[in-house]
Amino acid sequence: NADTIVPYSNWRGPMWLNANALACYGLAKYGHTALALEIASRAVAALAADLRRSRAWHEAYSTESGAALAAPGFLSWDTLSAELLSSLRRGVDPFALAARAEPRGSTEPPESRAV
């Protein structure tokens with residue numbers, strides 16, 4: 001499991017799918033769907049190319065070339081890519097929180113109730 005990210009950092013430089021997926025869903029939520037789809041397409045393409053080339057996914061990818069970096073055989077958040085594009089196209093955000101239902105029989109305005 002050689003570190004090929006130089007200098008090695010978990011959050012600086014390379015592309016991680018989890019951060020990109022969250023950014024894409026956020027962009028789509030605020031009306032930037034075309035940009036979200038472009039970013040998602042590039043991220044998914046990097047993972048697809050990695051699977052074709054190495055028959056595995058890696059933990060992170062180069063933002064310049066899309067080359068696989070570190071942790072071959074990594075799955076975890078890379079599995080977000082499975083439905084990323086289709087979810088964005090359908091307007092589905094799997095991370096969106098459901099609206100809270102109002103308690104039955106409540107006559108107080110929501111802002112005055114303790115949470």
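A brief look at the structure comes next. From a predicted model like this one, the values you see are computed outputs, not experimental measurements.

1. Comments concerning the nonpolar core
Now for step 1: Listed in full, the 12 residues of the largest apolar core are Met15, Trp16, Leu17, Ala43, Ala46, Leu47, Trp57, Ala60, Tyr61, Ala71, Phe74 and Trp77.
Now for step 2: Elements that contribute at least two residues to this core include exactly helix H2 (33-54) and strand S1 (60-61).
Now for step 3: By residue number, the principal contributor to this core is H2, which donates three residues.
Now for step 4: In this structure, Cys24, Ala36, Leu84 and Leu85 belong to the second largest nonpolar core, which totals nine residues.

2. Things to note about the packing of aromatic side chains
Now for step 1: Using the criterion set out here, one finds two aromatic pairs in the structure.
Now for step 2: Seen in terms of ring centroids, Tyr25 and Phe95 are 5.7 Å apart; in terms of plane orientation they differ by 65°. Their pairing is edge-to-face. Note that Tyr25 is positioned in helix H1 (residues 17-29) and Phe95 in the segment after helix H3 (81-90), a separation of 70 residues in sequence.
Now for step 3: Assessed through its relative accessible area of 6%, Tyr25 is described here as buried.
Now for step 4: By relative accessible area, which is 40% here, Phe95 ends up partly exposed.

Calculation notes
Residues numbered from 1 in each chain as written. Predicted model: local features only at pLDDT ≥ 70, side-chain atom pairs only at ≥ 80, totals over all residues. Heavy atoms only, no water. Core = buried A, V, L, I, M, F, W, Y, C linked by side-chain atoms within 4.5 Å. Buried < 20%, exposed > 50% of the residue type's maximum accessible area, 1.4 Å probe, protein only. Helix = DSSP H or I, 4+ residues; strand = E, 2+ residues; numbered from the N terminus. Phe/Tyr/Trp six-rings, centres within 6.5 Å; stacked < 30°, edge-to-face > 60°.

Geometric values such as these leave the question of function open.
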